[in-house]
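The primary structure of each chain is shown beneath.
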Amino acid sequence: VRIRALGLELYREYMDYLSRNKGEYDILLEMLTINVTQFWRDLPVFKLIESEILPLIIYEKVRAGRKVIRVWSAGSSSGEEAHSIGMILRDLLGEEFSKFIISIHGTDIDDDSLLVAKRGVYNIKQIENIPQDYRRKYLTMDSESARVSDEVRNMMKFTKRDLFQPQKTGHYDLILCRNVMIYFTKEQQATLLMNFFDALNNGGYFVMGKTETLIGPAREKFTSYSDLERIYQKTKGSAA
Ligand SMILES: C[S@@+](CC[C@H](N)C(=O)[O-])C[C@H]1O[C@@H](n2cnc3c(N)ncnc32)[C@H](O)[C@@H]1O
């Protein structure tokens, strides 16, 4: 898949490419772990989402007198990313939580992963990355497993959807599509990136995986919020 995505033909050409391109090992490793995901995957990204991105989204909502916050975890696998965002949002909103309508949409093509996401039950090893305070507040533990609390699960909606199906929903404030686009050709990535741009509200944020980069027309459209953490914004000044 990766050889085709790069437009190469031979295995030998790929080995040559691999030895010349530093980041390619990371990309290959990501690809070999198809449905693998984690809570708080890439901690610095989640720290920035927690300390800046979600507070900015909440601030803008309050300023505009709006109460709906919409998040899309595209390629959500078994739901860890969506649930991480849910716990952070729940925590940031504190007593104001009930005044907001939060919708976190996870989509994937893999039925088994979606089942796990919908159930919201994870084994002890899987929850290791969840900060202690969040574990205490938003998980019910027994000796072998942990269940995400109902108030967090109630924000979630997991549905089967191929990213290449025509997009019906939009108006998202935050879209995360991480460690998914590595499987696609450059042309497909360029198309998807523009779909994400269109699906965002003005001012909305888009988060990519650490080994992924903006390509195609989306490069001109998005404004960089943090190149290091791969966070981009659809700003009013973005090219129309
Ligand atoms: C490595 S996981 C990434 C999970 C999560 N986003 C993360 O970064 O931890 C990649 C996910 O993308 C999903 N996927 C691959 N192709 C897809 C497509 N065309 N439409 C929707 N999901 C897709 C896979 O089923 C898998 O669950």
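For the structure, check the block above.
Residues numbered from 1 in each chain as written. Predicted model: local features only at pLDDT ≥ 70, side-chain atom pairs only at ≥ 80, totals over all residues. Heavy atoms only, no water.

(A) The arrangement of unusual backbone geometry in detail. Even without glycine at this site, Trp-40 takes up a positive phi of about 50°. Assignment of secondary structure puts Trp-40 in the loop between helix H3 (24-31) and helix H4 (43-64). If you check the backbone angles, His-171 has positive phi at about 60° while not being a glycine. Structurally, His-171 is set in the loop between strand E6 (156-160) and strand E7 (172-177). Its relative accessible area of 58% is what places His-171 among the exposed residues. (Helix = DSSP H or I, 4+ residues; strand = E, 2+ residues; numbered from the N terminus. Buried < 20%, exposed > 50% of the residue type's maximum accessible area, 1.4 Å probe, protein only.)

(B) Representation of the pairing of strand E2 (residues 101-108). Of all eight residues in E2, six are buried; the element is thus mostly enclosed. In this structure, strand E1 (residues 68-74) lies alongside E2, joined through seven bridges in parallel fashion. Residue Ile-69 lies in a different strand from E2, and its bridge partner there is Ile-102. Viewed along the sheet, the connection from E1 through helix H5 (residues 80-93) into E2 turns out right-handed. In this structure, E2 lies alongside E6, joined through five bridges in parallel fashion. Residue Thr-107 lies in a different strand from E6, and its bridge partner there is Thr-159. (Pairing = 2+ DSSP bridges. Right-handed = clockwise from strand over helix to strand, strands pointing away.)

(C) Examining H4 more closely. End to end, H4 covers 30 Å across 22 residues, agreeing with the expected 32 Å (1.5 Å per residue, within 8%). The largest bend in H4 comes to about 45°, at Ile-49. Buried within H4 we find Val-45, Phe-46, Leu-48, Ile-49, Ile-53, Leu-54, Ile-57, Ile-58 and Lys-61. Each element contacted by the buried residues of H4 is listed here: E1, H5, E7, strand E8 (200-208), strand E9 (223-226) and strand E10 (231-233). Following H4 by one or two positions, Gly-65 adopts a phi angle in the positive range, close to 65°. (Expected span 1.5 Å × (residues − 1). Bend = angle between axes of the 7 residues up to and from the residue. Contact = heavy atoms within 4.5 Å.)

(D) Examining the packing of H4 against H5 more closely. Running from N to C, H4 and H5 point in directions that differ by 55°, and their axes come no closer than 10 Å. By the angle between their directions, the pair H4 and H5 is classed as oblique. In this structure, H4 meets H5 at a crossing whose hand is right-handed. Listed contacts from H5 to Phe-46, Ile-49, Glu-50, Leu-54, Pro-55 and Ile-58 of H4 are Glu-81, Ser-84, Ile-85, Ile-88, Leu-89, Leu-92 and Leu-93. Partitioned by chemical class, the residues of the contact of H4 with H5 number ten nonpolar, one polar and two charged. (Axes fitted to C-alpha atoms, helices over the stretch in contact; angles between N-to-C directions. Parallel < 35°, antiparallel > 145°, perpendicular 65-115°, else oblique. Left-handed = near helix turned anticlockwise from the far one by under 90°. Nonpolar A, V, L, I, M, F, W, Y, C, P; charged D, E, K, R; others polar.)

(E) Main features of the nonpolar core. Of all hydrophobic cores here, the largest spans 41 residues; its most connected members are Ile-49, Ile-85, Met-87, Leu-89, Ile-102, Ile-104 and Leu-174. In terms of residue count, H4 provides more of this core than any other element does, eight residues in total. (Core = buried A, V, L, I, M, F, W, Y, C linked by side-chain atoms within 4.5 Å.)

(F) Representation of the side chain of Arg-90 in the model. With respect to the secondary-structure elements, Arg-90 resides in helix H5. What makes Arg-90 buried here is its relative accessible area of 15%. A distance of 3.1 Å separates the side chain of Arg-90 from the backbone oxygen of Gly-94, its partner in a polar contact. (Polar contact = N/O pair within 3.5 Å; in protein donor to acceptor, adjacent residues only side chain to side chain.)

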